[in-house]
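Residues per chain are reported as follows:
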Amino acid sequence: MTAPPVLPDATGPAPQTPPAEPPRPAPVRDRYFDLLRAVALFRVVFYHLMGWAWLPVVFPSMGVMFALAGNLMARSLQRPAVRVVRGRMRRLLPPLWLLGAVGVTGMLVQGWGPDAEGHPAWWWLHLLYWVVPLSDPPYAEGLPGLHGIVGEDWATELAGPLWYIRAYLWYVLLSPFLLKALRSLPWATILSPVALAAALEFGWLHIPYGRIDSAVTDFSTFGACWILGMAHQQGVLARLPRYAVPSLAPFVAAFGLWYALTHGFKEGHDLDDIPFAQSLWSLATVALLLHISPSWTRWPRRLRRWDRLITLLNSRAVTIYLWHNVCILVAATVWDDLWNIDTLADHEAWLLDSPWPVLALAWSLVALCIVAFGWAEDLAAKRRPRLWPDSPAAARGSTGTRRDRT
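This structure is a prediction, so every number in the text was calculated from the model and none was measured. (Residues numbered from 1 in each chain as written. Predicted model: local features only at pLDDT ≥ 70, side-chain atom pairs only at ≥ 80, totals over all residues. Heavy atoms only, no water.)

Q: What am I meant to see in helix α1 (residues 31-50) here?
A: Given 3.6 residues per helical turn, the α-helix brings residues three or four places apart onto the same face. Relative to the 28 Å expected for 20 residues at 1.5 Å per residue, α1 spans 28 Å between its end C-alpha atoms, a close match to the ideal helical length. Across the 20 residues that make up α1, a large majority, 16, are buried. Regarding α1, its N-cap is aspartate 30, as a side-chain oxygen of that residue lies 3.0 Å from the backbone nitrogen of tyrosine 32 further along. Among the residues trailing α1, glycine 51 stands out with phi positive, at a value near 75°. (Helix = DSSP H or I, 4+ residues; strand = E, 2+ residues; numbered from the N terminus. Expected span 1.5 Å × (residues − 1). Buried < 20%, exposed > 50% of the residue type's maximum accessible area, 1.4 Å probe, protein only. Polar contact = N/O pair within 3.5 Å; in protein donor to acceptor, adjacent residues only side chain to side chain.)

Q: Any chance you could explain the side chain of arginine 88 here in plain terms?
A: Its place among the elements puts arginine 88 in helix α4 (residues 81-109). Of the residues examined, arginine 88 reaches a relative accessible area of 4% and is grouped as buried. Within the structure, arginine 88 has its side chain in polar contact with the side chain of serine 76 (distance 3.2 Å).

Q: Could you clarify how one ought to interpret unusual backbone geometry in this entry?
A: Peptide bonds are trans in most cases, and residues, glycine excluded, mostly fall at negative phi. Positioned with a positive phi, serine 295 is a non-glycine residue whose angle comes to about 55°. Residue position: serine 295 is located in the loop between α11 (275-292) and α12 (307-315). A positive phi angle is found at lysine 382, which is not glycine, with a value near 60°. Inspection of the secondary structure assignment puts lysine 382 in the loop between α17 (375-380) and α18 (392-396).

Q: Looking at this model, I keep getting lost on helix α13 (residues 317-336). Mind explaining?
A: Here α13 is 20 residues long and its end C-alpha atoms lie 28 Å apart, about the 28 Å a rise of 1.5 Å per residue gives. Along its length, α13 shows its largest kink, about 45°, at tryptophan 323. Within α13, 16 of the 20 residues are buried, which leaves the element mostly enclosed by the surrounding structure. (Bend = angle between axes of the 7 residues up to and from the residue.)

Q: Would you explain the packing of aromatic side chains in this entry?
A: In this description, a pair of aromatic rings is defined by centroid distance and the angle of the planes. For the structure on display, the rule yields 31 aromatic pairs. Plain terms: the ring middles of phenylalanine 46 and tryptophan 52 are 5.5 Å apart, the flat faces sit at 80° to each other, and that makes the pair edge-to-face. Classification of phenylalanine 46 by relative accessible area gives buried; the value is 12%. Members of the aromatic cluster, joined through ring pairs, are Phe66, Trp163, Tyr164, Tyr168, Tyr171, Phe219, Phe222, Trp226 and Tyr321. (Phe/Tyr/Trp six-rings, centres within 6.5 Å; stacked < 30°, edge-to-face > 60°.)

Q: Teacher, can you tell me more about the packing of helix α7 (residues 162-184) against helix α8 (residues 186-201) here?
A: Packed helices, taken two at a time, are described by the angle their axes make and the gap between the axes. Across the interface, α7 lies against α8 with an axial gap of 5 Å and an inter-helix angle of 130°. Considering their axes alone, α7 and α8 lie oblique with respect to each other. Packed against α7, whose contacting residues are Leu178, Ala181, Leu182 and Ser184, the element α8 presents Pro186, Thr189 and Ile190 at the interface. Split by residue class, the contact of α7 with α8 holds 5 nonpolar, 2 polar and no charged. (Axes fitted to C-alpha atoms, helices over the stretch in contact; angles between N-to-C directions. Parallel < 35°, antiparallel > 145°, perpendicular 65-115°, else oblique. Contact = heavy atoms within 4.5 Å. Nonpolar A, V, L, I, M, F, W, Y, C, P; charged D, E, K, R; others polar.)

Q: Looking at this structure, how should I read the state of the cysteines?
A: Two cysteines whose sulfur atoms are joined by a covalent bond form what is called a disulfide. Under the defined criterion, the tally for this structure stands at 0 disulfides. No disulfide involves cysteine 369; its sulfur sits 3.5 Å from the nearest other cysteine sulfur, which is in cysteine 327. (Disulfide = S-S within 2.5 Å.)

Q: Whenever I open this one, the environment of leucine 191 confuses me. Can you help?
A: Here leucine 191 is to be found in helix α8. With a relative accessible area of 44%, leucine 191 lands in the partly exposed category. Expressed as a C-alpha distance, the spacing of leucine 191 and leucine 283, which sit 92 residues apart in the sequence, is 9.2 Å.

Q: It is not clear to me how the environment of proline 80 should be interpreted in this structure. Could you clarify?
A: Structurally, proline 80 is set in the loop between α3 (61-76) and α4. For proline 80, a relative accessible area of 52% gives the class exposed. Counting along the chain gives 96 residues from proline 80 to proline 176, while the straight-line C-alpha distance between them is 9.5 Å.

Q: Explain the side chain of arginine 37 to me, please; I cannot follow it from the model alone.
A: Assignment of secondary structure puts arginine 37 in helix α1. Apart from the residues lying within four places of it in its own chain, the contact partners of arginine 37 are Arg29, Leu68, Asn314 and Ala317.

Q: Looking at this model, I keep getting lost on the packing of α8 against α11. Mind explaining?
A: The N-to-C vectors of α8 and α11 enclose an angle of 160°; their axes lie 8 Å apart at closest approach. What the angle tells us is that α8 and α11 run roughly antiparallel. The way α8 lies across α11 gives a crossing that is left-handed. Listed contacts from α11 to Ile190, Leu191, Val194, Ala197, Ala198 and Glu201 of α8 are Pro275, Phe276, Ser279, Leu280 and Leu283. Residue classes in the contact of α8 with α11 are distributed as 9 nonpolar, 1 polar and 1 charged. (Left-handed = near helix turned anticlockwise from the far one by under 90°.)

Here's what the structure looks like:
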């Protein structure tokens, strides 16, 4: 008779299971980049009011903003490209749709319609650019204003910032291909937009169709900044000797500034009107700023007092950029109407001539736009809408944060 099998002791040690992988650390905000973005936004509003040609030289805001966006895009492309591009478009377009709903409605009320471009079918087709801005959305020119509230030709001011949205969208669509090229031929890829800008400037390349020409010109002007931001994220700049960027960038910047000064650079004809010079100056400045890049995870002591303001500007960057031109126009119209008050006109003309009260009023109106329209950015990012997102929690949920999963 065989003995029964010996069963394992139920009270014995349990079989060992492999240890779980530790969770990946969440991405940490780079507060240095937040500072650059906030300064860039403030400089844009300041310049569009003051019109001083030297302001884009002191700080080339558009190049900086494109570089920061390129850096973020390269980091996001660690995930499937289709998913990333779709997510970027989802975050970009709803604030534009809200602007279009308000602006286009106002244009239609004032008589803008299918005959505006000479052919009704084209007008209807071009309206689709307010939905997906692959080209500049159409707008009505020469519209009358509202007395004491908004000046004439307000639609032109409203549409002014839209080139940035169109350029940003194209950079997003091209980024998967640019990243592959960057990994294969880094410096040829970074410098190719500058070569394109030179070809357009010196007449080696001519594009007769206006909509295509504007898109290509913007890519040639700021494309190197976008790709440089991607290169910084990919570690391309870190592989250079530490002396390379500080040694070479000043010569590139100096050549760009010399070219601008010899080609009509002055008030009313700034770097934006000289794309080749703009491309060189922006590339050199962005390279230096990325080279310095201290990668702050916490604010230095001297900057902590500005934390809430910088967080707010970053959380509502698209809203501020889209609406600031209209805010400036309304502020200037309201302030100019004070000349009709005889006492002020006779005794306080110096105050009425000053742009500083208009700047303060414009930023007050920007604050109202943040409250009235900023929620579109939250919905686009699948966040709970907030009226005034200036807290650290808002920073974690804004562009380039741990919630950014699309």
